[in-house]
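Results of the structural survey
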Amino acid sequence: RKYVYLFHEGKAEMKDLLGGKGANLAEMTNIGLPVPPGLTITTEACNEYYEVGRAFPAGLEEQLQKGLQDLEQQIGKKFGDAVNPLLVSVRSGAKISMPGMMDTILNLGLNDVTVQGLIQATGNARFALDCYRRFIQMFGDVAMGVPHHAFEEILARAKEEQGVGFDHQLDAEALKQIIGKYQQLYQEHTGTDFPQEPYQQLLLAIKAVFGSWNSDRAIVYRKHNKIPDDLGTAVNVQAMVFGNMGDDCGTGVAFTRNPSTGEKKLYGEYLINAQGEDVVAGIRTPQPISSLEQDMPEIYQQFVQISQRLEKHYRDMQDIEFTVEKGKLYMLQTRNGKRTAAAAMKAAVDMVHEGLISKEEAMLRVDPKQINQILHPRIDTKAKLNIIATGLPASPGAASGEVVFDADDAEKQGKEGKKVVLVRTETTPDDIHGLVMAQGVLTSRGGMTSHAAVVARGMGKPAVCGCEALKIDYEQKCFTVGRITVQEGDLISIDGATGQVILGQVPTLAPELGGEFAEFLGWADEIRTMGVRANADTPEDAKKARDFGAAGIGLTRTEHMFMQQERLPIVQQMILAETVEERQKALDQLLPFQQEDFYGILEAMEGYPVCIRLLDPPLHEFLPNREELLVEITTLKCTGGDPELITEKEVLLKKVEALHEFNPMLGHRGCRLGITYPEIYAMQARAIFQAVAQLTKEGVKAIPEVEIPLVIHVNELAFLRKQTIEIAEQVMKETGVEFEYTVGTMIEVPRAALTADEIAREADFFSFGTNDLTQTTFGFSRDDAEGKFLQHYIDAKVLKENPFVTLDPLGVGKLMDLTVKLGRTTKPDLQIGICGEHGGDPDSIETCYKLGLDFVSCSTFRVPIARLAAAQAVI
Ligand code: ADP
Ligand code: MG
Ligand code: MG
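All figures in this text were calculated on a predicted structure; none of them were measured in a lab.

1. Quick notes on the overall build of the protein
Assigned secondary structure in the protein consists of 36 helices and 33 strands. For the protein, the spread of C-alpha atoms along the three principal axes comes to 105 × 65 × 55 Å. Within the protein, the fraction of its 875 residues that count as buried is 49%. Long-range pairs, those at least 24 residues apart, make up 66% of the contacts in the protein between residues at least 6 apart in sequence.

2. Points about the sheet that holds strand β27 (residues 553-557)
Sheet strands pair via backbone hydrogen bonds, and the direction of the pair is either parallel or antiparallel. One closed barrel holds the eight strands; their spatial order is β26-β27-β28-β29-β30-β31-β32-β33, and the pairing between them is parallel. Strand-to-strand twist across the sheet, computed as the mean angle between neighbouring axes with direction ignored, equals 30°. Helix α31 (residues 770-778) rests against β30 (742-747), β31 (765-769) and β32 (831-835) of the sheet, and its axis sits at about 60° to β31.

3. Description of the site of ligand 1
Around ligand 1 sit 17 residues, and of these Ser89, Arg91, Thr104, Gly276 and Glu321 come closest. Within the residue set of the shell around ligand 1, elements represented by two or more residues are β5 (88-94), β7 (233-239), β11 (318-325) and β12 (328-336). Looking at the shell around ligand 1 residue by residue, the class counts come to six nonpolar, seven polar and four charged. Taken domain by domain, the makeup of the shell around ligand 1 includes at least three residues from each of domain 1 (4-239) and domain 2 (250-336).

4. Considerations on the domain arrangement of the protein
Per the domain assignment, the segments making up the protein are domain 1 (4-239), domain 2 (250-336), domain 3 (377-509) and domain 4 (528-562 + 580-614 + 674-874). When each unit is reduced to the centre of its C-alpha atoms, the spacing between domain 1 and domain 3 is 45 Å.

5. What about the environment of Thr777?
By the element assignment, Thr777 lies in helix α31. Sequence separation between Thr777 and Ala452 is 325 residues; the distance between their C-alpha atoms is 25 Å. Not counting chain neighbours up to four residues away, the residues in contact with Thr777 comprise Pro750, Gly811, Val812 and Leu815.

6. Digging into the sheet that holds strand β20 (residues 471-473)
Here we have three strands laid out as an open sheet, ordered β20-β21-β22, and antiparallel in their pairing. The outermost strands of the open sheet, each flanked by one partner alone, are β20 and β22 (484-487). Sheet twist, expressed as the mean angle between neighbouring strand axes with direction ignored, is 20°.

7. Some remarks on the UniProt feature "binding site: substrate" (unreviewed entry) in the protein
Here the UniProt feature "binding site: substrate" (unreviewed entry) sits at Arg557, Arg613, Glu748, Gly769, Thr770, Asn771 and Asp772. Of note, Thr770 is situated in helix α31. For Thr770, a count of 30 C-beta atoms within 10 Å corresponds to the buried category. With residues up to four places along the chain from it excluded, the contact list for Thr770 reads Leu807, Val812, Ile834, Gly836 and His838. Its location among the elements puts Asp772 in helix α31. Accessibility expressed as a C-beta count within 10 Å gives 22 for Asp772, which makes it buried. When residues no more than four places from it in sequence are discounted, the contact partners of Asp772 are Glu748 and Val749.

8. Focus on the packing of helix α24 (residues 626-638) against helix α25 (residues 643-659)
Interhelical geometry of α24 versus α25 gives an angle of 160° and a closest axis separation of 10 Å. On the basis of their axis angle, the class for α24 and α25 is roughly antiparallel. Once α24 is placed against α25, the crossing between them reads as left-handed. In contact with Arg626, Leu629, Leu630, Glu632, Ile633, Leu636 and Lys637 of α24, α25 contributes Leu645, Ile646, Lys649, Glu650, Leu652, Leu653, Val656 and Glu657.

9. Here we look at the nonpolar core
One finds Ala205, Met345, Ala348, Leu602 and Val856 to be the most contacted residues of the largest nonpolar core, which totals 215 residues. If you tally residues by element for this core, the top one is helix α27 (residues 678-697), at 12 residues. What Leu602 contacts, discounting residues up to four positions off in sequence, is Val610, Ala691, Val692, Leu695, Ala702 and Pro704. Counting residues in hydrophobic clusters, the runner-up holds 36 residues, among them Leu422, Met437, Val454 and Leu470.

Cut-off values and rules
Residues numbered from 1 in each chain as written. Chains lettered and ligands numbered in written order. Predicted model: local features only at pLDDT ≥ 70, side-chain atom pairs only at ≥ 80, totals over all residues. Helix = DSSP H or I, 4+ residues; strand = E, 2+ residues; numbered from the N terminus. Buried ≥ 20, exposed ≤ 12 C-beta atoms within 10 Å, placed from the backbone. Contact = placed C-beta atoms within 7 Å. Pairing = 2+ DSSP bridges. Axes fitted to C-alpha atoms, helices over the stretch in contact; angles between N-to-C directions. Near = placed C-beta within 6 Å. Nonpolar A, V, L, I, M, F, W, Y, C, P; charged D, E, K, R; others polar. Domains from an automatic or database assignment. UniProt positions renumbered as here; feature names shortened; annotations may be inferred. Parallel < 35°, antiparallel > 145°, perpendicular 65-115°, else oblique. Left-handed = near helix turned anticlockwise from the far one by under 90°. Core = buried A, V, L, I, M, F, W, Y, C linked by C-beta atoms within 7 Å.

Take a look at the structure:
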């Protein structure tokens, strides 16, 4: 088996075997760029190293020695030579670059003898000794676990004694002494002398790289980022070039475009007379890459040319590491540069214009999940932040404000025009009014799909959830993180894109949605075949959704309209009514409100369909909580309260108790309400059609779709459809206005899916309610599952993903597939869409595309994500 590849034997496509760094070093070598020669030990060697119990697989050492000889020949120096020694770097490099992997060791091959050779060969003692002390430090720290700070203390003391500020000002004599102390430190810590045999050094370093693949940090990182454990890491052994030989030397890093804005301009830094990671380690302040043009004009020109060439070659933005040795430029690494969403989008659009990539390729350059970053104010990347804790990045965007601990306070202060951040252990539907008025929300418990997270994402509000470091004390109105206490009224900021909690106010940048953003998503619209709609309950939401590119509304939830303050008492009257007449009285009062709601939404969505779902949740959601009522009544009785009021409350309590359900999620809700109280749905249908008639009269094109929720049997739909049509005809007669409308249903329980051919007879359209369909297919309630065992299932790899976040393709997806097929046997061009959280999840959108759906519908702020994901699904 071939374990060792010389750079010129590899290529960019061999990332699996050579790791990202090795494959790109090979590629650069083969296109003729100045890369110091080297070799790569394969990821397979790493995996076999573990298979045989942390030992080199047979044959590896011979191949390594052979490779080294090749290197020696290419360079004309010998490894371990006392006169002119070859030095190498040992660099880790997995397929996916990973923090937690072993850091690079430079200048390997030096010992007490070869360092003298290096002094002789270069005539530069300071340089040679600097290399040696760096080597001992890196080898000791990285390969053998000698604490980094112990080396740094020795170095700091030496600088102090010498009265110099910077490492490179230490003279040869001082360096010699440091080397002595370093070796002593090494001995004390490892119990062995610093290894003098270069080949021994090399083997230890390679083992350390292999070992770092299974360091705790690397394992945690892989788990978090869903990277397989069996990829293994490659090891690169490369001839050293030296940026620390004097002022005609240096080292630097640069991006071919600005990684935070995408601007097409070299972006980076370098340091004269420095080595390796000095630039990023903050040893001295580096120079911006633009000043290299003055410092080393020829090198600069050459570097510009090479970076352009690399960009053309890889057809993507590159992140490049280079070193200059005595006026000669060397390339040490290139890779596709990590970038912000805004930069990714701008670079992709520019590259299409430059003819570098196609529009389709441009689509694949932006991660739909990242688009969120662009839609919200962001923290200015240049700002200094006082980060006190990090939670889950639950809803993107940056928010600053005074801390409040109560939804009522948030509402009150928000209405007064104050900016507040609501801080709670977790939120419930009772906190919505506070959420609405807060800049953002921070919770100490709950996950990415907790109430606060879902609601905040729906509202496009920043949220950080599950920030467990926060200890909230509602009584004292403060929270603590470690030793820091934050009182009510103190200013904090949250970054919902990173999960950071920051003390004080932070500078933010406003989103820019014109220009490249519009152009890019315009291309997505050209490419995609599925429609994208939004879920919106208010005219404002509907307008925003249009701005984001939604072509219609896939779900308007009418119950949210029932919750509003002036309406709730009327809704309660309706629920408490003993007779149909009483109920009708309340409904008559609700009608104008609903009509106004529908009028506003249909008007905002002029020319596009609006799918309105009739009342869905169980009625008790509109009534007071049973326990609270009991306490209220008891208190009234004990304090001699008004007997009339007590009776009134007792009646209410009776009704609440009568409506109590053991399992409301599977209870008297959805079209079951519509069947038992037909007058409720009748009122809603009338409100819709009267609004449509009014709009039609005014010349506004309204396209209503009336949606009956939670149907399990075709007869339910037949009954309610008949009623709806009757009302439409009545309204047409009353108003003298003709209009069009459709009546359809949500598919959200397995029985509906299984009998979709029958149901389709009575439906003009289907819309998958995959939140409920997932609950009912899995047979567990989302609210309970997410809090109790779902995370455990995912950690234990019983489930790959949270099925409420990403559509379960094999189970729920199979039911959907069946539904589509059965539905379209009855009606070949039955319109079928999806609404609910999954409609905005890129992976789920791909599933929907494969199932042949006509559109996806998602919360407003996810519309751009869905547009891109729908385009990617086609490609
Ligand atoms: P990382 O994966 O952390 O970027 P690298 O393996 O790229 O680590 O090494 C870090 C730095 O070490 C490089 O950017 C370069 O400056 C320096 N370096 C690595 N190999 C060599 C070499 N052969 N000659 C000179 N410098 C090197
Ligand atoms: Mg590094
Ligand atoms: Mg690097």
